[in-house]
Amino acid sequence: SDEMLKMRGIDPSSKDTSPETVVIDCLMRVGPGASEGILTPADVNIDAKGTILETEKKKRKRNTTEIVPVSLALVANISELILELSDDLRDSTSRDAVYESVRTIVRTFKEKKGLPDVPSLDAVNALGCVEISYASTVQELESVCEKIKSHQLYESGDDDAEVYYEKQKELRQKTKDKIEKEDDEKALFEKKATLEERSRVLSSRIKTSELSKFRDELSSRSKVLRKLNHVDAEGVVLPKGRCACEIDTADELLATELMFNGAFAKATPRELVALCSMFVPTEKSNQKPTIPKKLELPIKGVLDAAKLIADTQLEQKLEIDVEKYVDSFRTFLVEIVYDWAGGKSFSEVLLRTDLFEGTIVRAMRRLDELMLELGRAAMACGDENLREKFEKGAELLRRGIVFAPSLYL
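Caption draft 1: Spatial organisation of the overall build of the protein. Within the protein one finds 16 helices and two strands. Within the span of the protein, comprising 409 residues, buried residues form 28% of the whole. Restricting to contacts in the protein with at least 6 residues of sequence separation, those with at least 24 account for 67%.

Caption draft 2: Geometry of helix α3 (residues 92–112). The terminal C-alpha atoms of α3, which comprises 21 residues, lie 29 Å apart, in line with the 30 Å expected from a rise of 1.5 Å per residue. Burial in α3 covers these residues: Ser94, Arg95, Val98, Tyr99, Arg103 and Phe109. Each element contacted by the buried residues of α3 is listed here: β1 (23–30) and β2 (64–71). Remark: Gly114 follows α3 within two positions and exhibits a positive phi of approximately 70 degrees.

Caption draft 3: Layout of the packing of aromatic side chains. For the coordinates displayed, the defined rule picks out four aromatic pairs. With centroids separated by 5.8 Å and ring planes inclined at 75 degrees, the aromatic side chains of Phe279 and Phe329 adopt a geometry described as edge-to-face. Residue Phe279 is located in the loop between α10 (269–276) and α11 (293–315), and its partner Phe329 is located in the loop between α12 (322–327) and α13 (334–341); the two are separated by 50 residues in the primary sequence. Like Phe329, Phe279 is buried. Judged by centre distance (5.4 Å) and plane angle (85 degrees), the ring pair of Tyr325 and Phe329 falls under edge-to-face. Like Tyr325, the residue Phe329 is buried in the burial classification.

Caption draft 4: Examining a nonpolar patch on the surface more closely. A surface patch of nonpolar side chains, amounting to about 230 Å² of accessible area, comprises Leu83, Leu85 and Val102. Val102 gets classed as partly exposed once you look at its relative accessible area, which sits at 40%.

Caption draft 5: Representation of the nonpolar core in the model. Membership of the largest hydrophobic core comes to 57 residues, with the highest contact counts inside it found for Leu254, Met259, Phe264, Cys276, Phe279, Leu367 and Phe390. Every element with two or more residues in this core is listed here: α8 (252–260), α10, α11, α12, α13, α14 (346–350), α15 (357–380) and α16 (384–397). Sorting elements by how many residues they give to this core places α15 first, with 10 residues. The contact partners of Leu254, leaving out residues within four places of it in the chain, are Phe279, Val302, Ala305, Ala306, Ile309, Tyr325 and Phe329.

Caption draft 6: Inspection of the packing of α10 against α13 at higher detail. Put simply, α10 and α13 touch, their axes get as near as 8 Å, and they point 150 degrees apart. In this view, α10 runs roughly antiparallel relative to α13, as classed from their interaxial angle. Note on packing geometry: the crossing formed by α10 with α13 is right-handed. Within the contact between the two elements, α10 uses Arg270, Glu271, Val273 and Ala274 and α13 uses Val334, Val337, Tyr338, Asp339 and Ala341.

Caption draft 7: View of the environment of Leu121. Examined against the element boundaries, Leu121 turns out to sit in the loop between α3 and α4 (132–149). Between the alpha carbons of Leu121 and Ile78 there is a distance of 5.7 Å; along the sequence they are 43 residues apart.

Conventions and cut-offs
Residues numbered from 1 in each chain as written. Predicted model: local features only at pLDDT ≥ 70, side-chain atom pairs only at ≥ 80, totals over all residues. Heavy atoms only, no water. Helix = DSSP H or I, 4+ residues; strand = E, 2+ residues; numbered from the N terminus. Buried < 20%, exposed > 50% of the residue type's maximum accessible area, 1.4 Å probe, protein only. Contact = heavy atoms within 4.5 Å. Expected span 1.5 Å × (residues − 1). Phe/Tyr/Trp six-rings, centres within 6.5 Å; stacked < 30°, edge-to-face > 60°. Patch = residues over 30% accessible without salt bridge, like charges linked within 9 Å, V, L, I, M, F, W, Y side chains within 5 Å. Areas by Shrake-Rupley, 256 points an atom, 1.4 Å probe, with all protein chains shown as cover. Salt bridge = Lys/Arg side-chain N within 4 Å of Asp/Glu carboxyl O. Core = buried A, V, L, I, M, F, W, Y, C linked by side-chain atoms within 4.5 Å. Axes fitted to C-alpha atoms, helices over the stretch in contact; angles between N-to-C directions. Parallel < 35°, antiparallel > 145°, perpendicular 65-115°, else oblique. Left-handed = near helix turned anticlockwise from the far one by under 90°.

Structure, rendered in structure tokens:
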């Protein structure tokens, strides 16, 4: 009415009905002292841990319900429900009764009907607001309201002070727990990064350690054995491998290769024992030996087989000097052994070399042991003819001063 407008300091003749100029009386729940115009901080009566002090509980005033003039511009929604009020709201008891009624209605809609809030009047359909700017403003407002309602303290505004402070304490604890959790996760991440760096360093050390080198060498040697058909893909020992296991006093890979490629089988016992002398290590001679023509091709076969084995090892990343390996099978004893196995005397044999007599005797005795060993290897492979050749070759060596019990007899 005009009288109400005059009381609010508004000229009735201006006919200004904008929301900023329209004032309505609202029944509102306010904090202690609001009716006297005195407001205190919300946490004034709690200690550092968020607990309400017992000494302050008796002094603290409770929230009250007051009639507050509010600009229409501040009104967000108008409920569809109509609540009958008491004729006289000047009494605090009547106002508190209205507050409790509203509170009961809100809880009924939320708890029993499962609605987020009390239904509001639709501005467009119920109030006739059809302006485009208004619709966009309402949409923006609804978005802000949803954010406010999602806050944990939103529903605590109407609670008693003690309940409010408890919820505030709970929120603070949750925030603290969240920070502590983030700190723990950060510490775990830093620990993980440290362990990963430590793992990288240790892995680098392992790669350069002797144990790692041994593993790599073992793997490479296994590949060589598979390549030369000593074992199959599953690591099962083949006939070639069983034959090599019987040889200890010579290069088992080369000796086995010569046994299986037919080089030994083609030679006579005399030629065979001369070829096997290449496996016996001796001192280097300054006198170039004269190789019998019958042995030139077999000797070349031995050296070719040695190069094949060395190349196979080098192919599997084993450290080996191919040329040095091939040169280790020398021919200094070939002519001497060939002549001795042919029946010549020891003095005639000495004329063909500058090696010492004792060196020749020791070499021939080691060669005898090798021939017997190769005979056992041939027998392990089931080659009886080759075993007999090795034994006959050994018999050609066992005569004269070379195998005398004592040089003083």
